[in-house]
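Close look at the chain arrangement
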Amino acid sequence: MVCGDLHDVLARFNLAVEQYPSQHYIRITADCPLTDPELINNLIDSHLSANADYSSNALQPTYPDGFDAEIFTYQAFNKTFLSARKKFEREHVTYFIYTHPDMFVINSVRGVCDKSSYRVTVDTKEDYIFVNNLVRDIGKSGMDIRFADVVSFLDECPVEYFINSNEIRNSGLQKSICEEQVK
C-alpha cells in the first residue's frame, strides 16, 4: 500500500512507481468496478504492438464509461512526473501524456461498435445505485461480468433503467481544468 499527498495524485502515483518498478503500468481507476480482463489483454497487446508510450481505450470513447483502462511506460510516466506543473495535470495522472502527442507515442484503442453512451462507472450516488442494479439484474457475480454481458443487457433495457444518464463523462477532469483557468 502507498500513501501520499492528498492533493497531488501524480506524486502519490510516483511513490507507487518507486515502490513497484516496472517497464509498463496498467491504470484502472477504482470508480470502474466492472473491468473486463479480456479488454485489458487486448489493450496490452495493442500497446506492445504499437510500441506506444501510452495506450488507452478511453481517448476516443467507444466502450461504456467504466471500462476505461490505460497503459503507459515508465519513461512516459517519469517525464510526466517531472514536467506536469498545473494542478489538474497532477490531479489527473495521465492527462499530461495524452495532451502532449509531440512528446509521446499515443495509441488509442477503439471497440468494434460505439457503446460510449452507457455509463457503468461509480462517481455519484445514482451511478452506485445503477451499477448495483445492473450487477443484480445481470445475475452474475461482479467479478464474472464481462463487457459483452453489460452491453447485451443494456441494449435491451428501457430508457427508464438509465437513472444516471444525465452524468457527463470525465466531468471531474473538466471541473479541474475550469478551476485552474479561473485562477
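Now for a look at the structure at hand. If you're wondering where the values come from, they're calculated on a predicted model, not measured in any experiment. Sequence order as written defines the numbering, with residues in each chain counted from 1. Given that the model is predicted, a residue must reach a pLDDT of at least 70 before its local features are reported, and side-chain atom pairs must reach 80 or more before they are shown or counted; all residues, however, enter totals for whole chains, interfaces and linings. Computation of side-chain values covers all heavy atoms of the structure but excludes hydrogens and water.

Quick look at the overall build of the protein
- Only DSSP runs of H or I covering at least 4 residues are called helices, and only runs of E covering at least 2 are called strands; the numbering of each starts at the N terminus. Per the secondary structure count, the protein includes eight helices and four strands.
- Scanning the protein from its N terminus toward the C terminus, one meets helices and strands in the order α-β-α-β-β-α-α-α-β-α-α-α.
- Based on C-alpha atoms, the radius of gyration is set beside the globule rule, defined as 2.2 Å times the residue count to the power 0.38. Computed over its C-alpha atoms, the radius of gyration of the protein comes to 17 Å, within 12% of the 16 Å expected for a compact globule of 183 residues.
- Over its C-alpha atoms, taken along the principal directions, the protein stretches across nearly 45 × 40 × 30 Å.
- Type-normalised accessible area, obtained with a 1.4 Å probe on protein chains alone, sets the label of each residue: buried when under 20%, exposed when over 50%, and partly exposed for intermediate values. For the protein, the residues scored as buried account for 42% of the 183 residues in total.
- Where accessible areas are quoted, they stem from the Shrake-Rupley method and a 1.4 Å probe; at the residue level, only the protein chains shown are allowed to cover. Summed over all atoms, the accessible surface of the protein reaches about 10400 Å², with 53% contributed by carbon and sulfur.
- Taken as two groups, the 17 positive and 27 negative side-chain charges of the protein have centres that lie 5 Å from each other. Residues counted as positive are Lys and Arg, residues counted as negative are Asp and Glu, and His and the chain ends are not counted. Charge positions are represented by NZ for Lys, CZ for Arg, CG for Asp and CD for Glu.

Structural notes on the pairing of strand S1 (residues 24-27)
- Residue alternation in S1 divides its side chains into a buried set, Tyr25 and Arg27, and an unburied set, His24 and Ile26.
- By definition, two strands form a pair when at least two bridges between them are found by DSSP. Where S1 lies against strand S3 (residues 70-73), four bridges are found, and the strand directions are antiparallel. Of the residues in S3, the one forming a bridge with Arg27 is Glu70.

Some points on the layout of surface pockets
- Two kinds of site are reported from a 1 Å grid over the protein atoms alone, namely cavities, where a 1.4 Å probe fits but cannot get out, and pockets, open sets with protein on both sides within 12 Å along at least five of seven lines, and residues are called lining when an atom falls within 4 Å of a point. Grid points are joined across faces, edges and corners, and a volume is the space filled by probe spheres set on the points. The space that makes up the second largest pocket amounts to roughly 210 Å³.
- Going through the elements one at a time, helix H1 (9-19) and S1 are the ones with two or more residues in the lining of the second largest pocket.
- When residues in the lining of the second largest pocket are grouped by element, the largest group, five residues, is from H1.
- Throughout, the ten residues Ala, Val, Leu, Ile, Met, Phe, Trp, Tyr, Cys and Pro are labelled nonpolar, Asp, Glu, Lys and Arg are labelled charged, and all others, Gly among them, are labelled polar. Across the lining of the second largest pocket, the residue classes tally to nine nonpolar, no polar and two charged.

Notes on a nonpolar patch on the surface
- Within this analysis, patches are made of residues with over 30% relative accessible area and no salt bridge. Like charges are joined at 9 Å or less; nonpolar side chains (Val, Leu, Ile, Met, Phe, Trp, Tyr) at 5 Å or less. For this document, the term salt bridge refers to a Lys or Arg side-chain nitrogen within 4 Å of an Asp or Glu carboxyl oxygen. The grouping of Tyr128, Ile129 and Ile163 at the surface amounts to a nonpolar patch, some 270 Å² of accessible area in total.
- Relative to the helices and strands, Ile163 is located in the loop between helix H7 (147-155) and helix H8 (171-182).

As for the pattern of salt bridges
- Summed over all chains, the structure comprises nine salt bridges.
- The salt bridge partner of Arg146 is Asp36, with a shortest N-O separation of 4.0 Å. Taken together, the residues span a long stretch of sequence, with Arg146 in the loop between helix H6 (125-138) and H7 and Asp36 in the loop between S1 and helix H2 (37-50) at a distance of 110 residues.
- Here Arg119 makes a salt bridge to Asp65, at a shortest N to O gap of 3.2 Å. Within this pair, whereas Arg119 is found in the loop between strand S4 (106-108) and H6, its partner Asp65 is found in the loop between strand S2 (54-56) and S3, the two being separated by 54 residues in sequence.
- For Arg119, a relative accessible area of 7% translates into the label buried.
- In this structure Asp65 comes out as buried when scored by relative accessible area, which is 6%.
- Linked by salt bridges that have partners in common, Asp65, Arg119, Asp123 and Asp127 make up one network.

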